[in-house]
Amino acid sequence: MFAKPQSNVVSKVPGYMQSKGTQRQKAIICDREIRFRTSLQNTILDVLRARPGWQEADGDGEWDFFWCDREWIHQNYDTTFLQEHQKILHFRNYYELTRKNLMVKNLKRLKRQTEKEFGKLEAQSFDFYPSTFELPLEYHIFVEEFKKNPGAIWIMKPAAKSQGHGIFLFRKLKDITNWRKGDYQPVSDQTQKEAPELYVVQRYIADPYLVGGRKFDLRVYVLVLSYNPIKAWLYREGFARFSNTRFSLDSIDDTYVHLTNVAVQKTAPDYDPEKGCKWSLHRLRQFLLAKHGIEAVQQIFKEIDNIIVKSLQSVQKIIINDKHCFEMYGFDVILDSKLKPWLIEINASPSLTASGKEDYQLKHGLLNDVLNVLDLENRLSGQERRIGGFDLLWDDGPVLPDDSPDGQVITIPTTTTYLGCHNDRRKQLRELYRNNPTKSQS
Ligand SMILES: Nc1ncnc2c1ncn2[C@@H]1O[C@H](COP(=O)(O)OP(=O)(O)O)[C@@H](O)[C@H]1O
Ligand SMILES: [Mg+2]
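Please read all numbers here as calculations on a predicted model, not as lab measurements. (Residues numbered from 1 in each chain as written. Chains lettered and ligands numbered in written order. Predicted model: local features only at pLDDT ≥ 70, side-chain atom pairs only at ≥ 80, totals over all residues.)

### Brief notes about the overall build of the chain
Part 1 of the reasoning: Along its length, the chain carries 12 helices and 18 strands.
Part 2 of the reasoning: Taking all 442 residues of the chain together, 36% fall into the buried category. (Helix = DSSP H or I, 4+ residues; strand = E, 2+ residues; numbered from the N terminus. Buried ≥ 20, exposed ≤ 12 C-beta atoms within 10 Å, placed from the backbone.)

### Quick look at the site of ligand 1
Part 1 of the reasoning: In the vicinity of ligand 1 there are 20 residues, among which S162, I205, L259, T260 and E345 approach most closely.
Part 2 of the reasoning: Elements with a contribution of two residues or more to the shell around ligand 1: β8 (154-158), β15 (325-335) and β16 (341-347).
Part 3 of the reasoning: Among the residues forming the shell around ligand 1, the class breakdown is 8 nonpolar, 7 polar and 5 charged.
Part 4 of the reasoning: Counting contributing residues, the shell around ligand 1 receives three or more from each of domain 2 (96-128 + 209-432) and domain 3 (131-204). (Near = placed C-beta within 6 Å. Nonpolar A, V, L, I, M, F, W, Y, C, P; charged D, E, K, R; others polar. Domains from an automatic or database assignment.)

### Considerations on the sheet that holds strand β10 (residues 199-203)
Part 1 of the reasoning: The 4 strands are arranged β7-β10-β8-β9 in an open sheet whose pairing can be described as antiparallel. Each having just a single partner strand, β7 (132-135) and β9 (168-170) make up the two edges of the open sheet. With direction set aside, neighbouring strand axes in the sheet form an average angle of 25°.
Part 2 of the reasoning: Looking at chain direction, β7 and β10 are connected through 4 bridges and run antiparallel. Across the sheet, residue F133 finds its bridge partner in β10, namely V201.
Part 3 of the reasoning: Where helix α4 (residues 100-118) meets the sheet, it contacts β7, β8 and β10, and its direction lies at approximately 60° from that of β10. (Pairing = 2+ DSSP bridges. Axes fitted to C-alpha atoms, helices over the stretch in contact; angles between N-to-C directions. Contact = placed C-beta atoms within 7 Å.)

### Let's talk about the UniProt feature "coiled-coil region" (unreviewed entry) in the chain
Part 1 of the reasoning: In the numbering used here, UniProt assigns the feature "coiled-coil region" (unreviewed entry) to residues 97-124.
Part 2 of the reasoning: Helix makes up 89% of residues 97-124 and strand 0%. Its end C-alpha atoms lie 20 Å apart. (UniProt positions renumbered as here; feature names shortened; annotations may be inferred.)

### So, the environment of N378
Part 1 of the reasoning: Along the polypeptide, N378 turns up in the loop between α11 (357-374) and β17 (386-387).
Part 2 of the reasoning: For N378, a count of 17 C-beta atoms within 10 Å translates into the label partly exposed.
Part 3 of the reasoning: Residues N378 and I29, spaced 349 residues apart in sequence, show a C-alpha to C-alpha distance of 8.2 Å.

### Topic: the packing of α4 against helix α10 (residues 281-314)
Part 1 of the reasoning: Closest axis-to-axis distance for the α4/α10 pair is 8 Å, and the angle between their directions is 95°. On the basis of their axis angle, the class for α4 and α10 is roughly perpendicular. Listed contacts from α10 to N106, L107, R109 and L110 of α4 are K310, S311, Q313 and S314.
Part 2 of the reasoning: Grouping the constituent residues of the contact of α4 with α10 by class yields 2 nonpolar, 4 polar and 2 charged. (Parallel < 35°, antiparallel > 145°, perpendicular 65-115°, else oblique.)

### Focus on the pairing of strand β13 (residues 239-242)
Part 1 of the reasoning: Burial along β13 is two-sided: the face carrying F239 and R241 and the face carrying A240 and F242 are both buried.
Part 2 of the reasoning: Two elements, strand β11 (residues 216-227) and β13, share 4 bridges in a ladder whose sense is antiparallel. Bridge pairing in β13 places L218 opposite A240.
Part 3 of the reasoning: By the bridge criterion, 3 bridges tie β13 to strand β14 (residues 278-280) in an arrangement that is antiparallel. The partner of F239 across the bridge, within β14, is S280.

### Details of unusual backbone geometry
Part 1 of the reasoning: The amide bond that connects L135 to the next residue, P136, takes the cis arrangement and shows omega of 10°.
Part 2 of the reasoning: In this structure, Q163 takes a positive phi of about 60° despite not being glycine.
Part 3 of the reasoning: Mapped onto the elements, Q163 comes out in the loop between β8 and β9.
Part 4 of the reasoning: Residue classification places Q163 among the exposed positions, given that 12 C-beta atoms sit within 10 Å.
Part 5 of the reasoning: The phi torsion at L339 lies on the positive side, around 70°, for a residue other than glycine.

### With respect to the pairing of strand β18 (residues 390-395)
Part 1 of the reasoning: Of all 6 residues in β18, 5 are buried; the element is thus mostly enclosed.
Part 2 of the reasoning: Bridge count for strand β12 (residues 230-235) against β18 is 5 bridges, and the pairing is antiparallel. Residue pairing across strands places K231 opposite D395, the latter belonging to β18.
Part 3 of the reasoning: Bridge analysis of β17 against β18 gives 2 bridges, and the strand direction is antiparallel. Across the sheet, residue I387 finds its bridge partner in β18, namely F390.

See below:
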């Protein structure tokens, strides 16, 4: 049973008090160091160790902040009583958005509801994920759809794996019937002791937008502090991950052409670790601005905002909301040749291992800003709309930008479109913390 912590109980932990005078009535730690734990040993550990006033908790001892892995949540969360002030990565059932089959199931459900309540036109705002079916459950519906689209390419993906593992493309139904007979057996097969792995089969975006003849996808970071109401922050920097080999539909078996995961690309024989395979989102935005102009670019980024908001809304009533929990998602998005963004998947543990110096700086800044937004140091008012590289995207409703990211006058209310804009986070933090000079910033 999920043990819901009592929200009104003020803990008797020394050094801990309920802040007065702020709108949030936030729990703060006032006269001791902030104790952290992390399950990961990469960039996040560097960030936590370097943060002024923070100290590593002793082993499994008491902690205020825990960057935990998903296994810990599975094994311990239901039996752990969290103190008022404690913060932990991941919501209890985070997988509702990050398992490929569940993500699509939740999106389909909200789309249906929207169509029922507001009509077909409104429901079209959900047309940002490629047609997807869960296997083995929806095999027959998939076959019908397959037959309606002769010549289409499909991609098969294990629902709960990552880094490109187990993914393959196909054109003919016989390719997957052979696969079903071989590696994979349907649940009804009584000779199998365990149920087979769930897969999704998805329409392959066969006309991706190319730069220099190569395919890429975007990695976009979103920090969610609450699902009820939804409060989400969008990081303005991220990256485009390129495939190493020129795009072509001649060889659909070649993962170096079709899968843009760094984990895949870095194993290519001609991969150059110095050059890597990434562009910053800022660079991509500048490139697209020069090539397609401001309106096209704003449209793309507005559509990405829509993808993020709709995705969060699709699980709003399902995720077990808890004020101790937060989530830092990595959204994977592909642009097609008409510049339409498509949601590919959402990760609750996006890779924090850096693939080079620039990547390290990006992730270091990102993680510091996650901590700045969480504000365990209690330096902020709670009314901020921008904190370092994060812009408030949704606060129980759209957050309208003060100014246009590309210097245009804003006439139509919209969510922020600062994604890929210049990330002057240090300058912004200096200004933000100016009134609190005693605490240093990161
Ligand atoms: N529907 C699709 N159309 C085009 N490319 C896709 C599609 N689905 C996945 N890909 C490519 O495969 C990569 C891995 O797929 P993804 O769904 O992100 O799985 P993983 O969890 O293994 O990263 C993506 O980064 C993208 O390059
Ligand atoms: Mg992925």
